[in-house]
Amino acid sequence: MNVKNFLIDALTSALELGLATPDDVMKHVTPEILGTSLPRPLWSRLLIACLGAPKVDAQLVIETVGVQNLCEHVPAPIIFTIVASVAVRTLGGIVPDRPVRTFDSAAAAAPLRATTPLNLSAPPPPEARAERSTPPPPPGPSIPTPSTTPDPDADDASKLPLRARTPTGQRFRQTNTNIGRLASSTRRPQASAGAAEPSTPPKRRAETEVEEVVEEGAKTSDDWRSSLAVEDDQLVDWSASEETQTSTEERKR
Amino acid sequence: MSQEQRQQWFQRMMESGLEHNMFVPADVLQHATPDVLASNLPPELLSKVLAASLAAGSMTPERVLETVTPEVLAKHLPHDVLWACIAAAAARAGVSTT
């Protein structure tokens, strides 16, 4: 992480775009701070420039020292204070003092998970949220962040100990692609298999054909994407063939 | 100050933050949540994000930001969301007390 380069870019672009002025910089980078931060050669250059200029102002100081040297020698928190003050002004004074509505990637889909550990810090205290004046309206439905500490003002139900999170997959209706069925080992309810009765009766297989079906099933479980085209009717046939297999075994007995 | 200048500034800050590892795409998506993206990005960009992810086989924060570039972020997302991302990165880096 190179904070100084980021601050150089942020402050330089703010000055170039006219969002920040040299006076904004000098409000925070006071002569006292420059006195303790700038190295002597830079001070020498600054003194020479000031002595030779008809008017000494913030612009002269910033131009002489340079944003890069400022960010290099002045403590980063002070430079960031300048950037933050510009941001507050450009955003109309409404700036969240801390991240709001952060995305809990742990609760999201697995492919969206970050490759680096996410900073799941504790939620801000209620006082900090109360201080925020007229936060921007959320653009969509907000999902509350799961809280690990019970709210003392909440009702009795929320005071109960936190229970383990239930799998999210059960909250949604399964699609007819049957991806979850192929991924899991649970069998499909027989009732639905009976409801979807094929128009033609399933062809009874010979004993050798049963092994082929098993191998095909193994292939499709390896490449689940190709199984997206499998329809429910075909899956019913599969279970029907299982019954056929059972009946064949029973016949053997 | 104009809206365009503010947009350019936030674009530059987002570019620089990613370039200098102040924050990574996953950090950006902690603030530019799917909810925020879905509410602010135009349909063609949303479909582009999805198409890129489908072509690659997965949707990662890095892949999302390949389409939703800093320019797009600054153009379409509320700037207070982007600033929250920057401020959080500054706090992690120890240059901000907030």
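**Q** Outline the overall build of chain A, supporting the account with residue identities and numerical values.
**A** When its secondary structure is counted, chain A shows 13 helices and zero strands. Starting at the N terminus, the α and β elements of chain A follow one another as α-α-α-α-α-α-α-α-α-α-α-α-α. Within the span of chain A, comprising 253 residues, buried residues form 14% of the whole. Long-range pairs, those at least 24 residues apart, make up 77% of the contacts in chain A between residues at least 6 apart in sequence.

**Q** Any chance you could break down the overall build of chain B for me, citing the residues and the numbers?
**A** When you go through chain B residue by residue, the secondary structure sums to seven helices and zero strands. Taken from the N to the C terminus, the helices and strands of chain B come in the order α-α-α-α-α-α-α. Evaluated residue by residue, chain B yields a buried proportion of 48% over its 98 residues.

**Q** Got a sec to walk through the packing of helix H1 (residues 3-19) of chain B against helix H7 (residues 79-93) of chain B? Specific residues and values, please.
**A** To describe two helices that pack against each other, one gives the angle between their axes and the distance between the axes. Residues and elements named next belong to chain B. It is the contact of H1 with H7, at a shortest axis distance of 11 Å, that shows an interaxial angle of 35°. Classified by chirality, the crossing of H7 by H1 is left-handed. Between H1 and H7, the contacting residues are Arg6, Phe10, Met13, Met14 and Gly17 on the first element and His79, Leu82, Ile86 and Ala89 on the second.

**Q** Can you break down helix H4 (residues 43-56) of chain B residue by residue, with the values?
**A** Residue and element names in this part refer to chain B. The first and last C-alpha atoms of H4 sit 20 Å apart over 14 residues, in line with the 20 Å expected at 1.5 Å per residue. Within H4, only one of the 14 residues are buried, leaving the element largely exposed. Looking one or two residues past H4, Gly57 carries a phi angle of roughly 95°, positive in sign.

**Q** Tell me about unusual backbone geometry, and please be specific about residues and values.
**A** Residue and element names in this part refer to chain B. A positive phi angle, close to 60°, is found at Asn21, a residue other than glycine. Examined against the element boundaries, Asn21 turns out to sit in the loop between H1 and helix H2 (25-31). Under the C-beta neighbour-count criterion, Asn21 is labelled partly exposed, with 15 such atoms within 10 Å.

**Q** Would you mind going over H1 of chain B in detail, with residue names and values included?
**A** Over its 17 residues, H1 of chain B runs 24 Å from end to end, which matches the ideal 24 Å to within 8%, given 1.5 Å per residue. Where H1 of chain B is concerned, the buried positions are Arg6, Trp9, Phe10, Arg12, Met13, Met14, Ser16 and Gly17 of chain B. On its buried face, H1 of chain B is in contact with helix H1 (3-16) and helix H7 (76-90) of chain A together with helix H6 (70-76) and H7 of chain B. Just past H1 of chain B, the residue Asn21 of chain B takes up positive phi, approximately 60°.

**Q** Give a detailed account of the nonpolar core, specifying residues and quantitative values.
**A** Core analysis: the largest hydrophobic core is formed by 60 residues, its most contacted members being Leu7, Leu11, Ala14, Ile79 and Val83 of chain A together with Leu82 and Cys85 of chain B. No other element matches the eleven residues that H7 of chain B contributes to this core. Not counting residues within four places of it along the chain, the set of residues in contact with Ile79 of chain A comprises Leu7, Leu11, Leu70, Cys71 and Val74 of chain A.

**Q** How would you explain the confidence of the model for chain B if you had to name every residue and give the values?
**A** All names here are of chain B. Taken as a whole, chain B shows an average pLDDT of 91; of its residues, 97% reach a score of 70 or greater. Mean pLDDT values over the elements of chain B span from 86, in H4, up to 96, in H6. Predicted as a complex, the structure gets a pTM of 0.52 and an ipTM equal to 0.79.

Thresholds applied
Residues numbered from 1 in each chain as written. Chains lettered and ligands numbered in written order. Predicted model: local features only at pLDDT ≥ 70, side-chain atom pairs only at ≥ 80, totals over all residues. Helix = DSSP H or I, 4+ residues; strand = E, 2+ residues; numbered from the N terminus. Buried ≥ 20, exposed ≤ 12 C-beta atoms within 10 Å, placed from the backbone. Contact = placed C-beta atoms within 7 Å. Axes fitted to C-alpha atoms, helices over the stretch in contact; angles between N-to-C directions. Left-handed = near helix turned anticlockwise from the far one by under 90°. Expected span 1.5 Å × (residues − 1). Core = buried A, V, L, I, M, F, W, Y, C linked by C-beta atoms within 7 Å. pLDDT = per-residue confidence, 0-100.

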